[in-house]
Each structure stands twice: as C-alpha cells, then as structure tokens.
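Architecture and fold: a report
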Amino acid sequence: MWPLTALLLLATLEKPILSLHPPWTTIFKGERVTLRCDGYHPLLLELRPISTLWYLGHLLLPSHKKSIEVQTPGVYRCQTRGAPVSDPIHLSVSNDWLILQVPYAAVFEGEPLVLRCRGWYDKPVYKLHYYHEGRAVRYFHASANYSVPQARAGDSGRYQCSGTMRLPVESAPMFSAKVAVTVQELFPAPVLTVTGRAEARGGVAVRCETRLHPHRRDTPLQFAFYKYSRPVRRFDWGAEYTVPEPEVDELESYWCEAATATRSVRKRSPWLQLAGRGSALPSASSTAQAPRAAALAPGGQPLSFRKPPVSRSAPSVTSVPNATSPGLQGPAGRAPTARPPACALPAPSEPPAGALKPDVDLLLQEMQLLKGLLSRVVLELKEPPAFPEPRATLQTPAPRFAASPGAPETTAVES
C-alpha cells in the first residue's frame with residue numbers, strides 16, 4: 001500500500017504543461033488565442049472528472065475546461081487537481097500597425113528561433129527589416145519570417161522590425177515595439193573528474209560530467225575524450241573513460257567534450273592534470289575540485305610539469321670582486337647553484353654560522369674603498385688646480401748641493 005501511495009504522490013508533483021495556439025505571445029486587439037493545460041494524472045484519479053483551474057495573474061477564472069479562449073492581456077497559469085501550478089505564459093495585446101511576434105515557449109541552444117513581423121490584421125509588409133540590439137540583421141522585400149536555424153546564447157537580446165504598408169498607398173516606414181528574447185542554456189560546460197583507479201583494466205577512470213536543463217532532461221548527449229589535441233575516444237554515449245597506466249605516469253593532460261547527437265551544441269571541459277606514480281589519486285568525494293585546479297597557459301595550452309634539462313658540461317664560474325660594482329659579485333670560488341625544477345618550490349636551507357662572515361668582511365672592504373674614492377673626487381672638485389700640468393710630463397728632481405756653513409751662495413748661469 002505504501003509504495004502505491006508514494007507513487008501517487010510523486011505523480012501528482014508533476015507540473016502541467018501550458019501551451020498557446022497560435023504560438024505567439026503578442027496579438028492585435030480583438031484577436032483571440034487558445035490556451036491548453038495538459039498534465040499527467042494517475043489512473044485512480046482519472047476515474048473521477050478532472051477539473052482544471054485557470055489563473056489570470058492572481059485572479060481565479062470561472063472556467064474549468066482543459067482549454068480556454070482568451071483575448072485579455074496578462075499572465076496566465078493553470079493547475080490540475082493534486083499538481084502544482086504550471087509555468088506562466090505572458091500574453092500581450094497591441095493596437096499598433098506593426099507587431100513583432102516571438103514564440104511563447106523557451107528556446108534552447110541548438111534549437112531554431114523564429115520571429116514574425118506582422119502587419120495590422122495580416123496586411124502585407126514591404127521593405128521589411130529585422131533588428132537585433134539596434135543593428136539590422138536581415139532584409140526582405142515582402143512579408144517573411146526571420147529564423148535562426150541553431151540558436152546560441154549570443155542570439156539573446158532585444159529584437160525589432162520595421163516596414164511599410166499600402167493604406168492604400170505605401171506608407172512611411174513603421175517600427176514595431178522591441179521584444180526581449182532569451183536563449184536558454186541546454187547544459188553547462190562539462191567538468192572532467194577522476195573517479196578512481198580502474199582495478200580490472202588498470203589505469204585511472206575519469207568521467208565527463210554535465211547537467212541538462214530540467215525542461216530538456218530527455219535530450220541524449222554524447223561524450224568524447226582528448227589527450228592534448230589528439231582524440232583518444234571519439235563521440236560515444238558513455239561518459240567515462242579509462243586512462244592507461246603508462247600515460248598516467250607521463251602526467252599528460254586530458255579534457256572532454258559533450259555534444260548533442262546532431263552536434264548542434266558542443267561544449268568542452270577545462271584541462272585536467274592527472275596524478276603520476278608515487279602521488280595519491282584524489283578520491284571520488286574530492287574530484288569535484290580537480291577541474292578548478294587545472295593549470296592553463298596564457299594561450300589556453302596546458303602547462304608542462306616536466307623538469308627543464310640541466311647541462312652536465314657547464315663550466316664553473318668564479319666571481320672576482322670589482323671596486324666599480326660593489327655588491328653585485330659573489331664571493332670568489334663559489335659555483336652557481338642549479339635552478340629548481342619548474343612548478344616546484346625551492347627547499348629552504350639555512351647556511352652555517354660562519355658562512356656569512358667572509359661575505360660581510362668583503363662587503364666592508366669594498367665600502368671603505370668606495371668611500372675613499374668618493375672623498376678624493378669631492379676634494380678635487382672643491383679645489384681645482386690653477387694651471388693643471390699634463391700627467392704625462394716627467395719632473396726631474398733638482399740636485400741638492402751640500403753647502404758649508406758661511407759659504408756664499410752661488411748661482412749657475414747658463415751660457
């Protein structure tokens with residue numbers, strides 16, 4: 001008894017489907033359209049007459065039929081016994097010469113989008129233009145519908161049309177009111193996650209996950225898997241793929257792609273960096289965070305996690321202190337250290353207690369030498385010589401004569 005009761009309760013939770021005929025949300029004043037309410041009812045409830053409730057805004061309408069004809073603008077909803085209220089339909093009534101009609105039902109990615117520019121009570125429209133966000137996108141000589149075979153998110157926006165009519169002579173160009181159109185997302189971009197080790201075949205199992213819109217949950221999807229730009233499994237109905245063990249050890253990047261059966265909608269996932277040998281694979285409960293941590297290069301390419309090649313024949317470099325560039329040279333006899341591998345943090349190391357003393361002494365000596373040079377330059381700038389002599393001239397020291405006390409001075413005369 002309880003399973004039957006639970007089944008009845010689940011069935012009554014289904015929303016009824018409200019449809020509009022003809023399928024346009026804008027009509028001319030005085031025209032009528034038909035609303036129909038369809039819903040699923042359990043067999044036990046079908047034994048009794050099913051009454052349908054109709055709402056215009058928050059007002060309950062007197063009709064209880066499955067379909068009704070209306071001509072009043074507003075928001076319509078319906079409800080059947082034991083079911084929630086349906087999704088709304090907005091009906092607009094216009095008194096203009098020209099109206100732009102859009103479908104009442106939601107348009108999803110990959111589906112056709114049809115717009116209709118209609119003259120007053122189906123009068124022909126000439127020199128017809130369709131506009132999207134104020135930009136002309138299509139021109140027709142006479143009345144015609146504007147259609148997009150496979151709608152995309154970029155087709156959303158405000159549309160408008162313009163044209164002329166013969167009343168009885170050709171009129172000036174007339175414009176319709178702007179109408180907003182929204183293209184719904186069929187499914188978000190997939191996410192490639194690690195589900196764990198494949199014990200039967202070896203390797204790592206990955207899954208391409210996405211979620212269909214509730215109104216299109218019956219749409220079949222196919223999935224493909226790639227290693228860099230090379231497909232490792234083409235489109236198939238399975239959402240899982242097993243990465244071979246050798247490729248896991250190489251730390252190769254994988255990504256997946258989800259698409260409809262007709263390929264009208266295709267979306268790819270971010271890169272996923274798989275763990276290699278010796279590192280623990282993420283568990284199934286923590287795989288949701290893996291795609292967010294995928295590393296991407298600026299150009300959309302995956303980063304390489306391989307170590308850069310190190311030359312074994314690199315000569316040792318010895319730095320010599322230079323007085324003209326203090327602080328830029330290291331201590332003599334010290335060889336350069338190798339760079340750490342890419343994407344790895346260098347391990348902190350503490351130098352021994354006496355290793356810094358030679359560096360400090362050398363730095364002090366260079367500072368003293370620089371101080372002396374600067375002092376000499378300052379003194380020369382303050383007291384410049386009146387008659388500078390060229391540095392290349394050699395001065396001969398004057399001879400010294402030993403004079404006895406009391407001897408008269410003698411002067412040498414050149415002949």
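Overview of the structure. (Residues numbered from 1 in each chain as written. Predicted model: local features only at pLDDT ≥ 70, side-chain atom pairs only at ≥ 80, totals over all residues. Heavy atoms only, no water.)

1. So, the environment of T25
Stated formally: Runs of E in the DSSP output that reach at least two residues are strands. Runs of H or I that reach at least four are helices, and both are numbered from the N terminus. Residue contacts are defined here by distance: any two heavy atoms, one from each residue, within 4.5 Å place the two residues in contact.
Relative to the assigned elements, T25 resides in the loop between β1 (17-21) and β2 (26-28). In sequence terms T25 and P103 are 78 residues apart; their C-alpha atoms lie 6.4 Å from each other. Apart from the residues lying within four places of it in its own chain, the contact partners of T25 are L20, H90, L91, S92, V102, P103 and Y104.

2. Things to note about the sheet that holds β1
Condition: Pairing between two strands is assigned when DSSP locates at least 2 bridges connecting them. Each axis is a line fitted through C-alpha atoms, and for a helix only the stretch in contact is used; angles between axes span 0 to 180 degrees, taken between their N-to-C directions.
Taken in spatial order, the three strands of this open sheet run β1-β3-β6, and their pairing is antiparallel. Only two strands of the sheet have a single partner each, and these edge strands are β1 and β6 (67-70). Pairwise comparison of adjacent strand axes, ignoring direction, gives a mean angle of 25° for this sheet. Across five bridges, the pairing between β1 and strand β3 (residues 33-38) is antiparallel.

3. Considering the sheet that holds β2
Taken together, five strands build an open sheet; the order of strands is β2-β8-β7-β4-β5 and the sheet is mixed. Looking at the sheet topology across the chains shown, the edges are occupied by β2 and β5 (59-60).

4. Some details on the packing of aromatic side chains
We count it as follows: Pairing of aromatic rings covers Phe, Tyr and Trp, the last counted by its six-membered ring, and requires centre-to-centre distances within 6.5 Å; plane angles under 30 degrees mean stacked, over 60 mean edge-to-face, and any other angle means tilted. Per-residue accessibility, obtained with a 1.4 Å probe over protein chains only, is compared with the maximum for each type, and a residue is labelled buried under 20%, exposed over 50%, and partly exposed between these values. Note on criteria: charge over ring means Lys NZ or Arg CZ within 6 Å of the ring centre, with the direction from the centre no more than 35 degrees off the ring normal.
On inspection of all chains with the given rule, the structure shows twelve aromatic pairs. Pairing F28 with W120 gives two aromatic rings, centres 5.1 Å apart and planes at 70°, and the pair type is edge-to-face. Taken as a pair, F28 in strand β2 and W120 in the loop between β11 (113-119) and β12 (126-132) lie far apart in primary sequence, 92 residues in all. Note on F28: relative accessible area 0%, which makes it buried. The exposure class of W120 is partly exposed, given its relative accessible area of 23%. Between Y241 and Y254, the aromatic rings sit 6.5 Å apart at their centres with planes inclined by 35°, giving tilted as the arrangement. Of the two residues, Y241 is situated in strand β23 (residues 240-243) and Y254 in strand β24 (residues 253-260); the sequence distance between them amounts to 13 residues. We note that Y241, like Y254, is buried. What links up through ring pairs into an aromatic cluster is the set F28, W97, W120 and Y121. Across the ring face of F187, the terminal group of K267 is positioned such that the distance to the ring centre comes to 5.2 Å. Between R268 and the ring centre of W255, over which it is positioned, the NZ or CZ distance is 3.8 Å.

5. Some details on the environment of A106
Within the element layout of this structure, A106 appears in the loop between β9 (98-101) and β10 (107-108). Given a relative accessible area of 37%, A106 falls into the partly exposed group. Placed 77 residues apart in sequence, A106 and V183 show a C-alpha to C-alpha distance of 7.2 Å.

6. Focus: the nonpolar core
Put simply, the test is: Among the buried residues, those of types Ala, Val, Leu, Ile, Met, Phe, Trp, Tyr and Cys that are joined through side-chain atoms within 4.5 Å form a nonpolar core.
L100, L113, L115 and Y130 are the most contacted members of the largest nonpolar core, which totals 21 residues. With three residues, β11 is the single largest residue contributor to this core. Formed by 20 residues, the second largest nonpolar core is a distinct cluster that contains L186, V204, L221 and V265.

7. Describing the environment of S63
Applicable threshold: N or O atoms closer than or at 3.5 Å make up a polar contact, with two conditions inside protein: a donor-capable atom paired with an acceptor-capable one, and, for residues adjacent in sequence, both atoms drawn from side chains.
Inspection of the secondary structure assignment puts S63 in the loop between β5 and β6. Once residues within four sequence positions are removed from consideration, S63 is found in contact with T52, W54 and I68. At 3.4 Å, the side chain of S63 and the backbone nitrogen of K65 are in polar contact.

8. What about the pairing of strand β14 (residues 145-148)?
Only one face of β14 is buried, namely the one carrying Y146 and V148, since none of N145 and S147 on the opposite face is buried. Across four bridges, β11 lies against β14 in antiparallel orientation. Across the sheet, L115 pairs through a bridge with Y146, a residue of β14.

9. A closer look at unusual backbone geometry
With an omega of -10°, the peptide bond between H21 and P22 qualifies as cis. Its place among the elements puts P22 in the loop between β1 and β2. Residue L167 is joined to P168 through a cis peptide bond whose omega torsion reads -15°. Tracing the backbone through its elements, the reader meets P168 in the loop between β15 (157-164) and β16 (174-175). Positive phi, normally seen in glycine, also occurs at E133, with a value near 55°. Position of E133 among the secondary structure elements: in the loop between β12 and β13 (135-140). Positive phi outside glycine occurs at Y228, with the angle close to 55°. Within the secondary structure, Y228 sits in the loop between β21 (221-227) and β22 (230-236).

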